Amino acid sequence: MLRSTVINGPRGRWILVADNQQVVYLGFPGERPDDVYKLLRLPKDVAIADHGVPPTLVRAVTLMLNKAVPLPARDYQLRGTDFQHRVWAALRAIPRGQTRTYTDIARAIEQPTAVRAVAHAVATNPLPLVVPCHRVVPAAGGVGQYRGGSKLKAFLLSREGSIR
């Protein structure tokens, strides 16, 4: 069974969804519970209880959000396609304080013509900050679009020293 709670973090309240042992989704401030079903491709008959997330996970995610402490791999589970996993692995390889373009990520996964598919995989990342999708910026400059909003993306990049 999936369980959810709300955590205060940068720029608002984040939705945390976990099974009994691992975080499977972290929703940005302003996202709705229905977004969980869409991003995780869950059938509508899957119940998500609004309580019962293990306190250790709540503490770990709160530290990640507010203090930029990495979430241990044992505490999360990424759910996605093989292609998404390849993109997300490339995102996790971007060092803190650095950025890459969508083209850079497409090249890193050895699919240089798959820039649009890479952008889609970045946008459908269910665990932002665990998979630092905010570190992907447009080649033309600026911070670009972000599911959590461009202001939050600029804040996260600034916090990491990527922009000033």
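Whatever comes next refers back to the structure up there.
Residues numbered from 1 in each chain as written. Predicted model: local features only at pLDDT ≥ 70, side-chain atom pairs only at ≥ 80, totals over all residues. Heavy atoms only, no water.

1. Side note on the overall build of the protein
Secondary structure summary: the protein contains six helices and six strands in total. The secondary structure elements of the protein, listed N-terminal to C-terminal, are β-β-β-α-β-α-α-β-α-α-β-α. Taken over the C-alpha trace, the protein has a radius of gyration of 15 Å; the compact-globule value for 164 residues is 15 Å, and the two agree within 12%. Reported as C-alpha extents along the three principal axes, the dimensions of the protein are approximately 45 × 35 × 25 Å. Long-range pairs, those at least 24 residues apart, make up 57% of the contacts in the protein with a sequence separation of at least 6. For the protein, the exposed area adds up to about 8,500 Å²; of that, 52% sits on carbon and sulfur atoms. The average position of the 23 basic charges and that of the 11 acidic charges among the side chains of the protein differ by 8 Å. (Helix = DSSP H or I, 4+ residues; strand = E, 2+ residues; numbered from the N terminus. Rg over C-alpha atoms; globule rule 2.2 N^0.38 Å. Contact = heavy atoms within 4.5 Å. Areas by Shrake-Rupley, 256 points an atom, 1.4 Å probe, with all protein chains shown as cover. Lys, Arg positive; Asp, Glu negative; His and termini not counted. Charge placed at Lys NZ, Arg CZ, Asp CG, Glu CD.)

2. Topic: the packing of helix H3 (residues 82-92) against helix H5 (residues 115-123)
At their nearest, the axes of H3 and H5 sit 9 Å apart, and the two run at 80° to each other. As far as their axial angle goes, H5 and H3 are roughly perpendicular. Contact residues: Phe83, Gln84, Val87, Trp88 and Leu91 in H3; Ala117, Val118, Ala121 and Val122 in H5. Along the lines of polarity and charge, the residues of the contact of H3 with H5 split into eight nonpolar, one polar and no charged. (Axes fitted to C-alpha atoms, helices over the stretch in contact; angles between N-to-C directions. Parallel < 35°, antiparallel > 145°, perpendicular 65-115°, else oblique. Nonpolar A, V, L, I, M, F, W, Y, C, P; charged D, E, K, R; others polar.)

3. Overview of the side chain of threonine 101
When you line up the elements, threonine 101 lands in strand E5 (residues 100-101). When neighbours within four sequence positions are excluded, threonine 101 is seen to be in contact with Val136, Val137, Pro138 and Ala139.

4. A closer look at helix H6 (residues 150-159)
Structural remark: α-helix, 3.6 residues per turn; residues separated by three or four positions point the same way. Every buried residue of H6 is accounted for by Leu152, Lys153, Leu156 and Leu157. In a view along the axis of H6, the buried residues occupy a sector of 135°, so they form one face of it. Turning to H6, the residues buried within the fold contact strand E2 (12-18), helix H4 (102-108) and strand E6 (136-137). (Buried < 20%, exposed > 50% of the residue type's maximum accessible area, 1.4 Å probe, protein only. Arc of directions from axis to C-beta.)

5. Focus on the layout of surface pockets
When its volume is computed, the largest pocket comes out at roughly 280 Å³. Of the residues belonging to the lining of the largest pocket, the class tally is 10 nonpolar, one polar and five charged. What the second largest pocket holds in volume is close to 150 Å³. Lining the second largest pocket are Lys38, Leu39, Leu40, Arg41, Arg79, Gly80, Thr81, Gln84, Trp88, His120, Thr124 and Pro126. Those elements giving two or more residues to the lining of the second largest pocket turn out to be helix H1 (33-40) and H3. Of the residues forming the lining of the second largest pocket, the biggest block, three residues, is contributed by H1. Tallied by class, the residues present in the lining of the second largest pocket amount to four nonpolar, five polar and three charged. (1 Å grid on protein atoms, 1.4 Å probe; cavity = no way out; pocket = protein on both sides within 12 Å on 5 of 7 lines; lining within 4 Å. Points joined across faces, edges and corners; volume = space filled by probe spheres on them.)

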